[in-house]
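A structural walkthrough
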Amino acid sequence: MTEPLLSIRDLRTVFHTDEGLVRAVDGVSFDVGRGETVCLVGESGSGKTVTGESITRLIRTPPGEIAGGEIVFDGRDLTTLDEDELRELRGDRIAHVFQNPQGALNPVYTVGWQIVEAIQLHQDVTRAEARERGIDLLDRVGIPEATRRFDDYPHEFSGGMKQRVALAMALATNPDLLIADEPTTALDVTIQNQILGLLSELQAEFDMSILLITHDLGVVAEVADRVVVMYAGKVMERGGVFDVFERPSHPYTRALLDCLPGRGTGGARSIGGKLPSATDPPDGCRFHPRCEHAVDACRAGEQPPVYPVDGDDDHVVSCVHYEPGGDPSVVRGEEAVPTDGGRPVEGDTEEDDR
Ligand code: SF4
């Protein structure tokens, strides 16, 4: 990959809570290349939303705090920018779309007024030019009769249409990077497919990079170039989408994939057990209480570093069985081994994704 547009290294974002320090993002590293789509995946509570919000410091401080690491965007470390510099960047070169479009739209103003404001905030164009571009964008995101609908209020649009409007607002300034956090989760499958198709089209047209945050591996398979699998604030596996789907190498990735319809258990179950305590995660590999391949080395010290899979530095996995001299076949299921403690527990895995 040429010089990445976004390069995140050892990002650490914490929250100071009454219950203790929450290390929501704990040493996360990955790149997003120009024009590519990178998907951050994992269960709710894995830290993927906080990672996306950390990039332009949307984290509320306090209680949140970026405690370490680098976020280099087009050669500049965003962690060193002041609030004015960040405000210029947000909505201009880096745009966000969230699961709930309601948050992006002000109910008091027409959608057209809001799009024109967004454009004029970042570009030196007349109101008429901004309006023309806004109508064109509404049309491009699939709003029928865009000229007429331009002057409607948000409550006059359905949920799917609101999400399209939010997307149009995010794209209004031709961002270099779109951070889309579960943008289709609340929508039915047909609308979801339309929005995803639209994102791909617009990405090609605007040569935009996309960081897509999702728990849905079906979505990942459709749109990703590369995948970052997160668990309890850590990166478990990272690689090209083909490699991760064809050669899933971390037990957590394999468990996620097994829950997909048509694979493994055929989507019949969720992963056994639940995410560890946010304030008191286990020593060693954070996945070890749920891992059927856990050995003593998994339960002490720090999260294992990432190791290349089959010598491929672009496909890496945080698991002791991949360290030099280890035996990855244990994890890949090529050889059955007795477990010595990983005890899957049935339970709820849905927690607030903070
Ligand atoms: S084998 Fe150990 S290091 Fe690998 S995923 Fe399981 S618990 Fe983590």
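Residues numbered from 1 in each chain as written. Predicted model: local features only at pLDDT ≥ 70, side-chain atom pairs only at ≥ 80, totals over all residues. Heavy atoms only, no water.

**Things to note about the nonpolar core**
If you look at the biggest cluster of nonpolar residues, it comprises 62 residues, and the most contacted ones within it are Leu138, Leu178 and Val220. With six residues, helix α6 (residues 159-171) is the single largest residue contributor to this core. The contact partners of Leu138, leaving out residues within four places of it in the chain, are Val111, Ile115, Ile143, Ala146, Phe150, Val165 and Ala168. Leu11, Val22, Val32 and Ile94 belong to the second-largest nonpolar core, a separate cluster that totals 30 residues. (Core = buried A, V, L, I, M, F, W, Y, C linked by side-chain atoms within 4.5 Å. Buried < 20%, exposed > 50% of the residue type's maximum accessible area, 1.4 Å probe, protein only. Helix = DSSP H or I, 4+ residues; strand = E, 2+ residues; numbered from the N terminus. Contact = heavy atoms within 4.5 Å.)

**A word on the domain arrangement of the chain**
Partitioning the chain into structural domains gives domain 1 (101-174) and domain 2 (242-332). Look at where the C-alpha atoms of domain 1 and domain 2 centre, and you get two points 43 Å apart. (Domains from an automatic or database assignment.)

**Digging into the pattern of salt bridges**
One pass over the structure, following the stated rule, counts 21 salt bridges. Between Glu117 and Arg127 there is a salt bridge, with its nearest N and O atoms 3.4 Å apart. Of the two residues, Glu117 sits in helix α3 (residues 111-122) while Arg127 sits in helix α4 (residues 127-140), which places them 10 residues apart along the sequence. Accessibility expressed as a relative area gives 33% for Glu117, which makes it partly exposed. (Salt bridge = Lys/Arg side-chain N within 4 Å of Asp/Glu carboxyl O.)

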